[in-house]
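Okay, here's what each chain looks like letter by letter:
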Amino acid sequence: MSDPRITSSIFTRGAVDLSALRGTAPASSRPATPSQTGAPTGVPGGPAAAGGALDVTEANIQAEVLERSLTTPVVVFFGAAGYPDSDQFAPVLERLAAEGAGQWVLARVDVQENPRIAQMFQIQAIPTVYAVVGGRPIDAFPGVIPEPQLRQWLAAVLKAGGVTVAEPEDPRLDEADDALMSGDLDAAEQAYRKILAESPADAAAEAGLAQVGVARRVAGADPQAALAAAQANPDDVDAQLLAADIEVLSGMAEQAYARLVGLVRRSSGDDRDRARQHLVSLFSIAGPDDPAVASARRALASALF
């Protein structure tokens, strides 16, 4: 699934104007009941429950969403009983809110009981999830997304709210890494590709998949002989690529980068493109924030242009 955020489509329809909901709610307005929403029994409008979730109506949206978001990020869940996606996704958010231990608050809105709130937020799908920080909506997505992607979205919301976020452990990565370390490259590749299918921008999975590729390429090679062959044949592209792989696996990534930048400078045509692509694939193992990668990228740009 692609990036779940739909800011560009929701907010280009106009800013969310909640001014009509501020103040006293009309007499016809009434909060959703626990039996209607599937929410735990509680008093709507009171303090957030121990699990970090509360029910929101026109009567309390000012205090529990807008004002509360000035100090704590608020995630607003728009759902309705009887909609399968809504019924299944709400417990996931409630569990993560409890796990967050007060870092953020989950506000539940029953759109059938609170149509004016749904209208103000321009809800077009059930469920829809909004993030409100500093008194204003900052992001939203419709429908249901996988939990790992949801955790990434929540982490971004918390950072936007000034909350220090620890990177959550991902059991999928643990499984893939274990397969890689044990030498089961097929299982590792399958696991990393599954993560990337669910979370296309997962840098750890990209790095793991790149490591699988390196491990396959060096399988059966004699490191010392390969490095000697590369030294003796500086224009042999295959020898240089293999030597670079061995250097990366040996903790000598900077030497590998320099080797391939030099090869790019000396070569042309298909050989040059092979060297460039190979170098870029090695960058993904370390990640874009690695100083050595940043330096090598500048050197590569200079070699190319």
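Each chain has its residues counted from 1, following the order in which its sequence is written. In keeping with the predicted nature of the model, local features appear solely for residues at pLDDT of at least 70, side-chain atom pairs appear and are counted solely at 80 or more, and the whole-chain, interface and lining totals rest on all residues. Based on all heavy atoms of the structure, the side-chain values leave hydrogens and waters out of the count.

Draft legend 1. Structural detail: the overall build of the chain. For the purposes of this entry, the term helix denotes a DSSP run of H or I that reaches at least four residues, the term strand denotes a run of E that reaches at least two, and both are numbered from the N terminus. Regarding its fold elements, the chain presents 14 helices and five strands. Any two residues whose heavy atoms approach within 4.5 Å are treated as being in contact. Once local pairs closer than 6 in sequence are excluded, the contacts in the chain between residues at least 24 apart make up 66%. To be clear on the numbers: accessible area is Shrake-Rupley with a 1.4 Å probe, and residue cover counts the displayed protein chains and nothing else. Accessible surface for the chain amounts to roughly 15,300 Å². Of this, 53% is attributable to carbon and sulfur atoms.

Draft legend 2. Examining the sheet that holds strand β4 (residues 128-133) more closely. For two strands to be treated as a pair, DSSP must find no fewer than two bridges joining them. The strand order across the open sheet built from five strands is β1-β3-β2-β4-β5, with neighbouring strands paired in mixed fashion. A strand with exactly one partner marks an edge of an open sheet, and here the two such strands are β1 (53-55) and β5 (136-142). Within this sheet the neighbouring strands show an average axis-to-axis angle of 25 degrees, counted without direction. With five bridges connecting them, strand β2 (residues 74-79) and β4 associate as antiparallel partners. Within β4, the position partnered with phenylalanine 77 by the bridge is valine 129. Axis lines are fitted to C-alpha atoms, over the contacting stretch for helices. Their N-to-C directions set the angle, which ranges from 0 to 180 degrees.

Draft legend 3. Representation of the packing of helix α11 (residues 237-249) against helix α13 (residues 269-286) in the model. Packing of α11 against α13 leaves a shortest axis separation of 11 Å and a crossing angle of 10 degrees. Here α13 runs roughly parallel to α11, going by the angle between their axes. Touching Val237, Asp238, Leu241, Ala244, Asp245 and Val248 of α11 are Asp271, Arg274, Ala275, His278, Leu282 and Ile285, all from α13. Residues belonging to the contact of α11 with α13 are distributed by class as follows: seven nonpolar, one polar and four charged. If an angle is under 35 degrees, it is roughly parallel; if it is over 145, roughly antiparallel; if it lies from 65 to 115, roughly perpendicular; otherwise it is oblique. In the scheme used here, Gly and all other residues not listed as nonpolar or charged are polar, with Ala, Val, Leu, Ile, Met, Phe, Trp, Tyr, Cys and Pro taken as nonpolar and Asp, Glu, Lys and Arg as charged.

Draft legend 4. Quick look at the pairing of β5. With six bridges joining them, β4 and β5 adopt antiparallel strand pairing. From the neighbouring strand, valine 133 faces β5, where its bridge partner is arginine 136. What sits between β4 and β5 in their antiparallel hairpin is a turn of two residues, with glycine 134 showing a positive phi close to 65 degrees.

Draft legend 5. Summary view of the packing of aromatic side chains. The pairing test for Phe, Tyr and Trp rings, Trp by its six-membered ring, is centres within 6.5 Å, and the orientation test on the planes gives stacked under 30 degrees, edge-to-face over 60, and tilted for anything in between. Counted according to the given criterion, the structure contains six aromatic pairs. Both rings, one in phenylalanine 121 and one in tyrosine 130, keep their centres 4.8 Å apart while their planes meet at 75 degrees; by these two values the pair is edge-to-face. Think of it in three bands: residues with accessible area under 20% of the maximum for their type are buried, residues over 50% are exposed, and the middle band is partly exposed, with areas taken using a 1.4 Å probe on protein chains only. For phenylalanine 121, a relative accessible area of 1% gives the class buried. Members of the aromatic cluster, each reached through a chain of ring pairs, are Phe78, Phe121 and Tyr130.

Draft legend 6. Broad picture of the nonpolar core. The biggest cluster of nonpolar side chains holds 23 residues, and the ones touching the most others in it are Tyr257, Leu260, Leu263, Leu279, Leu282, Phe283 and Leu300. Residue assignment for this core shows that the elements contributing at least two residues are α9 (203-218), α11, α12 (253-266), α13 and α14 (291-304). Buried Ala, Val, Leu, Ile, Met, Phe, Trp, Tyr and Cys residues that are joined via side-chain atoms within 4.5 Å together make up what is termed a nonpolar core. Membership of the second largest hydrophobic core comes to 21 residues, among which are Ala53, Phe141, Leu150 and Val157.

Draft legend 7. Main features of the side chain of serine 69. Take serine 69: it is sitting in the loop between α3 (61-67) and β2. Classification of serine 69 as buried rests on a relative accessible area of 2%. Among the polar contacts listed, one links the side chain of serine 69 to the backbone nitrogen of glycine 135, at a separation of 2.8 Å. Two N or O atoms form a polar contact when they lie within 3.5 Å of each other; inside protein one atom must be a possible hydrogen donor and the other a possible acceptor, and for residues adjacent in sequence the pair counts only when both atoms belong to side chains.

Draft legend 8. Seen up close, the side chain of glutamate 58. If you trace the backbone, glutamate 58 turns up in the loop between β1 and α3. A residue is classified by how much of its surface remains accessible, and glutamate 58, at 6% relative accessible area, is buried. Within the structure, glutamate 58 has its side chain in polar contact with the side chain of arginine 116 (distance 2.9 Å).

Draft legend 9. View of the pattern of salt bridges. In what follows, salt bridge is the name for a side-chain nitrogen of Lys or Arg lying within 4 Å of a carboxyl oxygen of Asp or Glu. For the coordinates displayed, the defined rule picks out 16 salt bridges. A salt bridge links arginine 266 to aspartate 235; its shortest N-O distance comes to 3.2 Å. Placement of the pair is arginine 266 in helix α12 and aspartate 235 in the loop between α10 (223-232) and α11, with a sequence separation of 31 residues. Looking at aspartate 235, the relative accessible area reads 58%, which means it is exposed. A network of salt bridges, in which partner residues are shared, links Arg95, Glu99, Glu147 and Arg151.

Draft legend 10. Spotlight on the environment of aspartate 245. Looking at where aspartate 245 falls in the secondary structure, it is placed in helix α11. The spacing of aspartate 245 and valine 218 is 27 residues in sequence and 6.9 Å in space, taken between C-alpha atoms. Discounting chain neighbours no more than four positions away, the residues touching aspartate 245 are Val214, Arg217, Val218, His278 and Leu282.

Function cannot be read off these values alone, since they describe shape.
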